[in-house]
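Listed below are the residues making up each chain.
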Amino acid sequence: MKLKDARENYYYYSQKTSEITRQLGLAGIALIWVFKVDSGGRQSVPLELVRPAWLIVLGLTLDFLQYSLASVVWGIYHRHKEKVGIGEDAEFLAPTSINWPTILFFWSKIIVMGIAYVYLLRFLANKIL
């Protein structure tokens, strides 16, 4: 295996993880919507589903921030390299710290979505059992 192969695996699996996390968020919102109740002509979410709903929204927000921040950081870095005269095909190393904020958002969204699903699964288990 070459370093390039390891990097490609990382890119593939982190992209898939992001896609699945996003799909879980949307599915979680749909699931919460299924269990909404009508109380006096007003739709409301059962109290047990409020926390997972907030966590899912937070997870989706972290997903958005991860990609938004990455585009800003890499855009600024690209512009900086362009200004100092780096050519289009020049080889250079980017600082490892450039990805730290987006990695923080990446892991945060996974953890938050996981916690949300623990609450959702508990709710479902109580409904089924």
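Refer to the preceding data block for the structure.
No experiment lies behind these values; they were computed from the predicted model shown.

Colleague: How should the pattern of salt bridges be read in this particular structure?
Modeller: Two side chains of opposite charge can pair, provided their charged atoms sit close to one another. Under the criterion given, the structure shown has five salt bridges. The shortest N-O distance in the salt bridge between Glu-8 and Lys-4 comes to 3.8 Å. With Glu-8 and Lys-4 both in helix α1 (residues 3-34), this residue pair falls four residues apart, about one helical turn. Glu-82 serves as the salt-bridge partner of Arg-79, at 2.8 Å between the closest nitrogen and oxygen. Within this pair, Arg-79 and its partner Glu-82 are both found in helix α2 (residues 47-83), separated by three residues, close to a single helical turn. Judged by relative accessible area, which is 44%, Arg-79 ranks as partly exposed. Note on Glu-82: relative accessible area 36%, which makes it partly exposed.

Colleague: What is the right way to read helix α3 (residues 100-128) from this model?
Modeller: Along an α-helix, residues three or four positions apart point the same way, because every turn accommodates 3.6 residues. With 29 residues, α3 extends 42 Å between its outermost C-alpha atoms, agreeing within 8% with the 42 Å of an ideal straight helix rising 1.5 Å per residue. Buried within α3 are the following residues: Thr-102, Phe-105, Phe-106, Lys-109, Val-112, Met-113, Ala-116, Tyr-117, Leu-120 and Phe-123. Turning to α3, the residues buried within the fold contact α1 and α2.

Colleague: What's the story with the nonpolar core in this structure? I'm lost.
Modeller: Taken as a class, soluble globular proteins show a tendency for nonpolar side chains to be buried jointly. Ranked by internal contacts, the top residues of the largest apolar core, which has 13 residues, are Ile-32, Leu-49, Ile-56, Met-113 and Leu-120. Elements supplying a minimum of two residues to this core: α2 and α3. Broken down by element, this core gets its largest block of residues, seven residues, from α3. Discounting chain neighbours no more than four positions away, the residues touching Met-113 are Thr-21, Leu-24, Gly-25, Ile-56, Gly-59 and Leu-60.

Colleague: I tried to follow the packing of aromatic side chains on my own but got confused; where do I start?
Modeller: For any pair of aromatic rings, the description rests on two quantities: the centre-to-centre distance and the angle between the ring planes. Considering all chains together, one arrives at six aromatic pairs under this definition. Consider the rings of Phe-106 and Trp-107, whose centres lie 5.2 Å apart with planes at 85 degrees: the pair is edge-to-face. Pairwise contacts between aromatic rings join Trp-74, Tyr-77 and Phe-92 into one cluster. Positioned above the aromatic ring of Tyr-119, the side-chain terminus of Arg-122 is 5.9 Å from the ring centre.

Colleague: Please explain the environment of Ser-18 as it appears in this structure.
Modeller: Within the fold, Ser-18 resides in helix α1. As for Ser-18 and Lys-109, which are separated by 91 residues in sequence, their C-alpha atoms are 8.7 Å apart. When sequence neighbours within four positions are dropped, the list of residues in contact with Ser-18 reads Asp-63, Gln-66, Tyr-67, Phe-106 and Lys-109.

Colleague: What is the right way to look at α1 in this model?
Modeller: Taking 1.5 Å as the rise per residue, α1 with 32 residues should run 46 Å; its terminal C-alpha atoms sit 46 Å apart, in good agreement. Among the residues of α1, Ser-14, Ser-18, Thr-21, Gly-25, Gly-28 and Ile-32 are the ones counted as buried. Those residues of α1 hidden inside the fold are in contact with α2 and α3.

Procedures and definitions
- Residues numbered from 1 in each chain as written.
- Predicted model: local features only at pLDDT ≥ 70, side-chain atom pairs only at ≥ 80, totals over all residues.
- Heavy atoms only, no water.
- Salt bridge = Lys/Arg side-chain N within 4 Å of Asp/Glu carboxyl O.
- Helix = DSSP H or I, 4+ residues; strand = E, 2+ residues; numbered from the N terminus.
- Buried < 20%, exposed > 50% of the residue type's maximum accessible area, 1.4 Å probe, protein only.
- Expected span 1.5 Å × (residues − 1).
- Contact = heavy atoms within 4.5 Å.
- Core = buried A, V, L, I, M, F, W, Y, C linked by side-chain atoms within 4.5 Å.
- Phe/Tyr/Trp six-rings, centres within 6.5 Å; stacked < 30°, edge-to-face > 60°.
- Lys NZ or Arg CZ within 6 Å of the ring centre and 35° of its normal.

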